[in-house]
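# Results of the structural survey
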Amino acid sequence: MGQKTRPTGFRIGITEPHRSKWYANKKNFGDLLVEDHKIRSFIKSKNNNAAIARVDIERTRDSVVVHLHSAKPGVLIGSKGQNVDRVKAELEDLTGRRMDVKIVELSNPNRNAVLVAEDLAGQLERRGSFRRAIKRTMDSVMESGVLGVKMELAGRLGGSEMSRREKASRGSIPLSTLRRHIDYGFAQAKTAQGIIGVKVWIDLGDYSEETNGVDAQAGQAPQAAKRAYKR
């Protein structure tokens, strides 16, 4: 039995905000959940070069608001906002609902685990050396001011006959510390020899030190009162 837990899922509801913000009864919950998955898959497949790290979905009674967190907002917006209008029209055709698309710019892509994993997967697809790609990527991530980074590759690395797993890490990665902002990203490199899985963990420090994170103090569970013992 493995005991590995996704860091973001481990912290959602405590220090991490939910990626989908809506409420539905038992009858409609499954359909809306599948629809959220279709929206995210469609956006990622149609905008591969826009460096989209996260897709947040908010639902109201009348419309659906989709927040796209991107490191390349100019590519996503397009000339005079034409690309945004196209994405909005395609999502309305896909879901049959009134959609609203908002773009959130990410200042530093090297501090986002999803974008780092996708960049590393792109280097592997271009037939680069995986050891050199790991070292170069870890150097750029550590230069961005993070506290630690860990990477893991699994598959036919270097075109070998047998698949294997390669790990590398620098700095601190306290996965079980809930007040620590550990960003996690996963990507797949589709090479000629097969698919290589890429996992990235980045330690961004405590949530209270982050400007764009949820305040960890507000999300902490109340401490139980100390029990008084009589002598």
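Refer to the structure presented above.
Residue numbers run consecutively from 1 along every chain, following the written order of its sequence. Given that this is a predicted model, residues contribute local features only at a pLDDT of at least 70 and side-chain atom pairs are listed and counted only at 80 or more, while totals for whole chains, interfaces and linings are drawn from all residues. Neither water nor hydrogens contribute to the side-chain values; these are computed over all heavy atoms in the structure.

## Things to note about the pairing of strand β2 (residues 52-59)
We count it as follows: Whether a residue is buried, partly exposed or exposed follows from its accessible area with a 1.4 Å probe, protein chains only, as a fraction of its type maximum: under 20%, in between, or over 50%, in that order. A run of DSSP states H or I qualifies as a helix once it reaches four residues; a run of E qualifies as a strand once it reaches two. Both are numbered from the N-terminal end. Should DSSP find at least two bridges between two strands, the strands are taken to pair. Call a crossover right-handed when, viewed with both strands pointing away from you, the route from the first strand across the helix to the second goes clockwise.
The buried count for β2 comes to six of eight residues, which makes it a mostly enclosed element. Note: strand β1 (residues 20-21) against β2, two bridges, orientation parallel. Across the sheet, Lys21 pairs through a bridge with Glu58, a residue of β2. With helix α2 (residues 26-46) bridging β1 and its parallel neighbour β2, the resulting β-α-β unit is left-handed. Bridge analysis of β2 against strand β3 (residues 63-70) gives seven bridges, and the strand direction is antiparallel.

## Focus: the side chain of His181
Heads up, the rule is: We call two N or O atoms a polar contact when they sit within 3.5 Å, provided that within protein one can donate a hydrogen and the other can accept it, with sequence-adjacent residues counted only if both atoms are side-chain atoms.
Mapped onto the secondary structure, His181 falls in strand β7 (residues 180-190). One polar contact links His181 to Glu16, side chain to side chain, over a distance of 3.2 Å.

## Digging into the sheet that holds β1
Put simply, the rule is: Contact criterion: two residues are considered in contact whenever any of their non-hydrogen atoms come within 4.5 Å of each other. Only C-alpha atoms enter the line fits that serve as axes; for helices the fit covers just the stretch in contact. Angles between N-to-C directions range over 0 to 180 degrees.
In space, the four strands of this open sheet follow the order β1-β2-β3-β4, with mixed pairing throughout. Single-partner strands in this sheet number two, and they are β1 and β4 (98-105). Note that β3 and β4 share eight bridges and pair parallel. Across the sheet, residue Ser70 finds its bridge partner in β4, namely Glu105. Along the sheet face, α2 touches β1, β2, β3 and β4 and points at about 145° away from the line of β2. Along the sheet face, helix α4 (residues 82-95) touches β3 and β4 and points at about 140° away from the line of β4.

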